[in-house]
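# Structure at a glance
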Amino acid sequence: MSFFDFFKQPDINQGVKEYKASPNAVLVDVRTVQEYQEGHIPESKNVPLQQIEKITFAAKNKDIPLFVYCYSGSRSRQAVRMLKQMGYTNVNNIGGITTYSGKVE
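Counting restarts for each chain: residues are numbered from 1 in the order of the written sequence. Local features in this predicted model are restricted to residues whose pLDDT is 70 or higher, and side-chain atom pairs enter the listing and the counts only when it is 80 or higher, whereas totals over whole chains, interfaces and linings include all residues. Water and hydrogen atoms were dropped before computing side-chain values, which therefore reflect all heavy atoms in the structure.

The protein is annotated in an unreviewed UniProt entry as Rhodanese-like domain-containing protein of Candidatus Caccovicinus merdipullorum.

Dropping the structure here:
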């Protein structure tokens, strides 16, 4: 891993493709309820970062693939760290919706 890899942001478009190809996966939007209502990726579940402990309504199984995004990638990075501390084993930060080129609802 080079020094510049540390600053490389995840590709949300690739992350959504991986989510769609992963059976039983959950797409998690950790933005606020208001941000989510203003536009989100279809099929995503809104679990604001401040309420991440409530993830169990969307993912009871801690081995289920979770694909996490936010506005810029910062909150999703925090959420991934918190989810791993909670025992979730298959958690992926896919970045921020600002660079998403697909459909938003």
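## What about the pairing of strand E1 (residues 26-29)?
Think of it in three bands: residues with accessible area under 20% of the maximum for their type are buried, residues over 50% are exposed, and the middle band is partly exposed, with areas taken using a 1.4 Å probe on protein chains only. The way it works is that DSSP assigns letters per residue, a run of H or I at least four long becomes a helix, a run of E at least two long becomes a strand, and they are numbered from the N terminus. Side-chain alternation along E1 places Val26 and Val28 on one buried face and Leu27 and Asp29 on a second face that is also buried. Two strands pair when backbone bridges link them, and E1 and strand E3 (residues 66-70) are joined in this way by four bridges, in the parallel orientation. The residue of E3 that forms the bridge with Val26 is Leu66. Where E1 and strand E2 (residues 45-46) come together, two bridges link them in parallel fashion. Considered in E2, the bridge of Asp29 is made with Asn46. Any two strands with at least two DSSP-identified bridges between them are counted as paired.

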